[in-house]
Amino acid sequence: MLNAECRKFWRIVSAFCILHSAFACARREAQHPNVLLITLDTFRADRIGPLTPNLDRLGREAVRFENAVAPVPMTLPAHAAILSGLLPLHHTVRINGAGSFPANRETLATLLARNGYRTAAFVGAFVLDHRFGLNRGFEVYDDAIERDPNDVTSSLEAERRGNAVVDAALNWLRRLDQRPFLAWVHLYDAHAPYAPPPPYPQTYDGEVAFVDQQVGRLLSSIDRKNTIVVVVGDHGESLGEHGELTHGLLIFEPTLHVPMIIAAPDLRARSVRQPVGSVDLAATVAALAHLAMPAGDGRDLSDDLRRGRDPTEHDLYSESQYPLQFGWSDLAAVRRGSVKLIAGPSSKLFDVSKDPGETKDLATSDRRAYHELQATAERIRSTAVTSSTTAVDPETRAKLASLGYVAPTGAVGPSSRDPVAMAPVFASFERAMLALNLHQPREALPLLEKLVASDPANPLFRSALARAYREVGNVRRAIDLYRQAVGLAPSDADAWYNLAAALEDGGSMREARAALEEVLKREPGRPEAHNALGVAYASEGSPDAAAAEFRRAIELDPRNARAYNNQGNLLRSMQRLDDAAIAYRKAIELSPRYVDALNGLGAVLVQQGRPQEAIAAFDAALQVAPDFYEAQLNRGIALQVAGDRAGARRQWQELLARLPPGRAYDAQRAGARNLLSQK
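Please read these numbers as outputs of a predicted model, since none were measured by experiment. (Residues numbered from 1 in each chain as written. Predicted model: local features only at pLDDT ≥ 70, side-chain atom pairs only at ≥ 80, totals over all residues. Heavy atoms only, no water.)

**Examining the side chain of Ser278**
We count it as follows: Each helix is a run of DSSP H or I of at least 4 residues and each strand a run of E of at least 2, with the numbering of both proceeding from the N terminus. For every residue, the accessible area (1.4 Å probe, protein chains only) is compared with the maximum for its type, and the residue is labelled buried under 20%, exposed over 50%, or partly exposed between those bounds.
Among the secondary structure elements, Ser278 is positioned in the loop between strand E11 (276-277) and helix H9 (281-288). Looking at Ser278, the relative accessible area reads 1%, which means it is buried.

**Observations regarding the pattern of salt bridges**
Using the following cut-off: Salt bridges are defined by distance alone: a side-chain nitrogen of Lys or Arg within 4 Å of a carboxyl oxygen of Asp or Glu.
Tallied over the entire structure, the rule returns 48 salt bridges. Between Asp557 and Arg131 there is a salt bridge, with its nearest N and O atoms 2.8 Å apart. Of the two residues, Asp557 sits in the loop between helix H20 (543-556) and helix H21 (561-573) while Arg131 sits in the loop between strand E4 (118-122) and strand E5 (140-142), which places them 426 residues apart along the sequence. Owing to a relative accessible area of 0%, Asp557 belongs among the buried residues under this scheme. For Arg131, a relative accessible area of 18% translates into the label buried. In this structure, Asp167 engages Arg217 in a salt bridge whose closest nitrogen and oxygen atoms are separated by 2.5 Å. Of this pair, Asp167 sits in helix H6 (residues 162-173) while Arg217 is found in helix H7 (residues 204-219), placing the two residues 50 residues apart along the sequence. In the salt-bridge network here, residues are joined through shared partners; they are Arg44, Asp46, Arg47, Asp205 and Glu241.

**Some thoughts on the nonpolar core**
To be explicit about the condition: Throughout this description, the term nonpolar core refers to a set of buried Ala, Val, Leu, Ile, Met, Phe, Trp, Tyr and Cys residues connected via side-chain atoms within 4.5 Å. What makes two residues a contact is simply this: any of their non-hydrogen atoms within 4.5 Å.
With 115 residues, the main nonpolar core has Phe65, Leu134, Trp184, Ile262, Phe429 and Leu448 as its most contacted residues. The biggest single contributor to this core is helix H17 (residues 493-505), with eight residues. With residues near it in sequence (within four places) discarded, Ile262 still touches Ala62, Val63, Phe65, Ile228, Val229, Val230, Leu267, Leu281, Thr284, Leu288 and Leu305. Within the second largest apolar cluster, 40 residues are counted, among which are Leu577, Leu598, Phe618 and Phe628.

**Things to note about the sheet that holds strand E13 (residues 331-336)**
Put simply, the test is: We treat two strands as partners when DSSP finds at least two bridges between them. Note on method: axes are straight lines fitted to C-alpha atoms, helices fitted across the in-contact stretch only, with angles between N-to-C directions ranging 0 to 180 degrees.
What the four strands build is an open sheet, ordered E12-E13-E14-E15; its pairing is antiparallel. Looking at strand neighbours, the two that pair on one side only are strand E12 (316-320) and strand E15 (348-351), the edges of this open sheet. Each strand of the sheet is rotated relative to its neighbour by a mean of 20°, with strand direction disregarded. One ladder, built from four bridges, connects strand E14 (residues 339-343) with E15; its direction is antiparallel. Counterpart to Ile342 in the pairing with E15 is Lys348.

**Observations concerning the packing of helix H13 (residues 423-437) against helix H15 (residues 459-471)**
In plain terms, the rule: Orientation labels follow simple angle bins: below 35 degrees gives roughly parallel, above 145 gives roughly antiparallel, 65 to 115 gives roughly perpendicular, and whatever is left gives oblique. Take the far helix as the reference: if the near one is turned anticlockwise from it by less than a right angle, the crossing is left-handed, and if turned clockwise, right-handed.
Remark: H13 packs on H15, axes separated minimally by 11 Å, with the N-to-C direction vectors making an angle of 25°. The orientation of H13 with respect to H15, classified from their angle, is roughly parallel. Crossing handedness for the pair H13 and H15: left-handed. Taking contact as the criterion, the partners of Val425, Phe429, Met433, Leu436 and Asn437 in H13 are, on H15, Leu460, Phe461, Ala464, Arg467, Ala468 and Glu471.

**Looking at the packing of aromatic side chains**
Put simply, the rule reads: To pair, rings of Phe, Tyr and Trp, with the six-membered ring standing in for Trp, must have centres within 6.5 Å; the planes then decide the type, stacked if under 30 degrees apart, edge-to-face if over 60, and tilted in the middle.
Evaluation of the coordinates by the stated rule reveals 19 aromatic pairs. Measuring from ring centre to ring centre gives 5.6 Å for Phe326 and Phe426, while their planes differ by 90°; the resulting arrangement is edge-to-face. With Phe326 in the loop between E12 and E13 and Phe426 in helix H13, the pair connects residues that are 100 residues apart, well separated along the chain. Here Phe326 and Phe426 have matching classes, each one buried.

**Side note on the confidence of the model for the chain**
To keep it simple, the criterion reads: The predictor attaches a confidence to each residue, called pLDDT, with possible values from 0 through 100.
Averaged over all residues, the pLDDT of the chain is 90; the fraction at 70 or higher stands at 90%. Note on residues 1-30: pLDDT under 50 across the span, and two contacts to partners over four residues away in sequence or across chains.

**So, the sheet that holds E11**
Taken in spatial order, the three strands of this open sheet run E8-E3-E11, and their pairing is mixed. One side of each edge strand has no neighbouring strand; the edge strands of this open sheet are strand E8 (257-258) and E11. Relative to E8, strand E3 (residues 68-69) runs antiparallel, the two sharing two bridges. Its bridge partner being in E8, Val69 is matched across the sheet by His257.

**Observations regarding the environment of Leu288**
Inspection of the secondary structure assignment puts Leu288 in helix H9. You can call Leu288 buried: its relative accessible area is 3%. Spatially, the C-alpha atom of Leu288 lies 9.4 Å from that of Leu267, the residues being 21 residues apart in sequence.

**A closer look at the pairing of E12**
Burial of E12 is extensive: five of the five residues sit out of reach of the surface. Here E12 shows no split at all, with Leu316, Ser318 and Ser320 on one side and Tyr317 and Glu319 on the other all buried.

**A few points about helix H23 (residues 595-607)**
This is how the line gets drawn: Under the convention used throughout, the expected extent of a helix is 1.5 Å for every residue step, that is, one less than its residue count.
With 13 residues, H23 extends 19 Å between its outermost C-alpha atoms, agreeing within 8% with the 18 Å of an ideal straight helix rising 1.5 Å per residue. The buried fraction of H23 amounts to 11 of the 13 residues, a majority that puts the element mostly inside the structure. Within H23, burial applies to Val595, Ala597, Leu598, Asn599, Gly600, Leu601, Gly602, Ala603, Val604, Leu605 and Val606. Where H23 is buried, its residues meet H21, helix H22 (577-590), helix H24 (611-624) and helix H25 (629-641). At the C-terminal side of H23, Gly609 shows a positive phi close to 75°.

Structure (structure tokens):
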């Protein structure tokens, strides 16, 4: 009897242990793994190999997708798709720098944060700045990229090298925290211009090799046994194929075919040949982490990956809306297996497995596939969500007419020009923009003059030409061209903002204020417009309104050194010297080479009776900009206040000798002469 009872007892205990073990196992399985998402900007799929040993090794140890497709060849909309599982025509961010990811849409970050993850993002370019909406769900969104406030024209191109991005990510990953993590690391280096640090060659492949080294640093820092690692390109780079130098305009394979790798503790290494989209990543990664994204455009591939099989065939949609900015036709692509349609004014059909260069159009020989994919493209396009772009209202039209913003002679509305046919023209534009971004406006001018003459209705060509004239100092010509650009594209906030900036350069503050009001009607959250409006108000003698605009600019963009500098200028004009110094120092903290802020701080220090500190500030400004004539003038004043009258006179005499002829420097010339005339 005793033995029977014992046996019964041990059966119960054993059953309990088995149940407990099963429960514990289930609990371990339900624990959320870490997620490391590495996005490689402008990265061609065909570069994975000997050039990239770290990525190549990861690909051999993980699930490698041989035919991953980007939904768009632009950074911001592509990343929005990766994080949300929505195509650009559904998340509404369709080009860089325009609009913001909608606040009511789920992303991988918002989902994981809500489920107990600590989350952080480390981005390598201003094009992914928090203002564009991808920061939601991230406890840390490190977009601390120094922008050159001395350069008012190319903030979207501001970037930081991958080693700095990875340094920041590694510091965060080392923090002690019991929660699983989501870390997104964005490496922008392969984007033009190609200038990796030594000893890497100054080429695209040199940038690719440098990026691979940074990926290796990340991979060596994590516990792979409990981490899902995802590496994906946002888009590729044409490198001259199909007549496109970089990316953005066309949707051939060099810019849509991207590397994509998923390594997870419960996935076996294998190669997936079935085409998939980077838009599939959000749902797939969520499922691998035992969570679920809301239904979207991307598919959850996790079950197929766990079972070691290829996903089923699925239509993959891609687009480029960028040509619309030039007044050309947009493009769309649908890929079904190896067959790909590019839909546009001259639609073409390719079999990319047999014809990877996309040179043989099958539209006439395979009419059935052509018509099926055309119908699919039209159906998908018809589901596009309307963005919040502000239409041109009657008041704006009247303002356009009253201010003389009219389209130039011969200009027409948006055309049906095929971007593929316009690729050589776009290549010339790319060369001109590269020259502008390298601060070589005189090299850009002849290219842009020719482009404007060849396509008078193109607002981007006209705006770029205006920028070149502004940078060489011909503000009047720049204003005329910007007015014409606004006439061509009156709904474009950028066109209005560029006009306003040129008008401020030219001293036309009232007209600049009117243009800035148009900017804010379209983009009320644009910090640069609030900053410029503050300058306009200050020049009109409205300090309270100016102060409010500067505060709003800083609230929207706490790293806006230019807004802090202008706030300092306003406070100095109000004799609030201590507050002005704080504002200038903040601007310098954000941008140590900001010459206007250094000069402003020096002026405050002179007024506070601290000339030696002021001289150091002026010297720092002149080290960056030796021909900053206002700082030279002010340095002389600081020397005189410090008791060095001889040094002050030498400073002003040297300034007069160096000042170029022309009315632009009359104020500095008159100031130096007046100071020298004083006994």
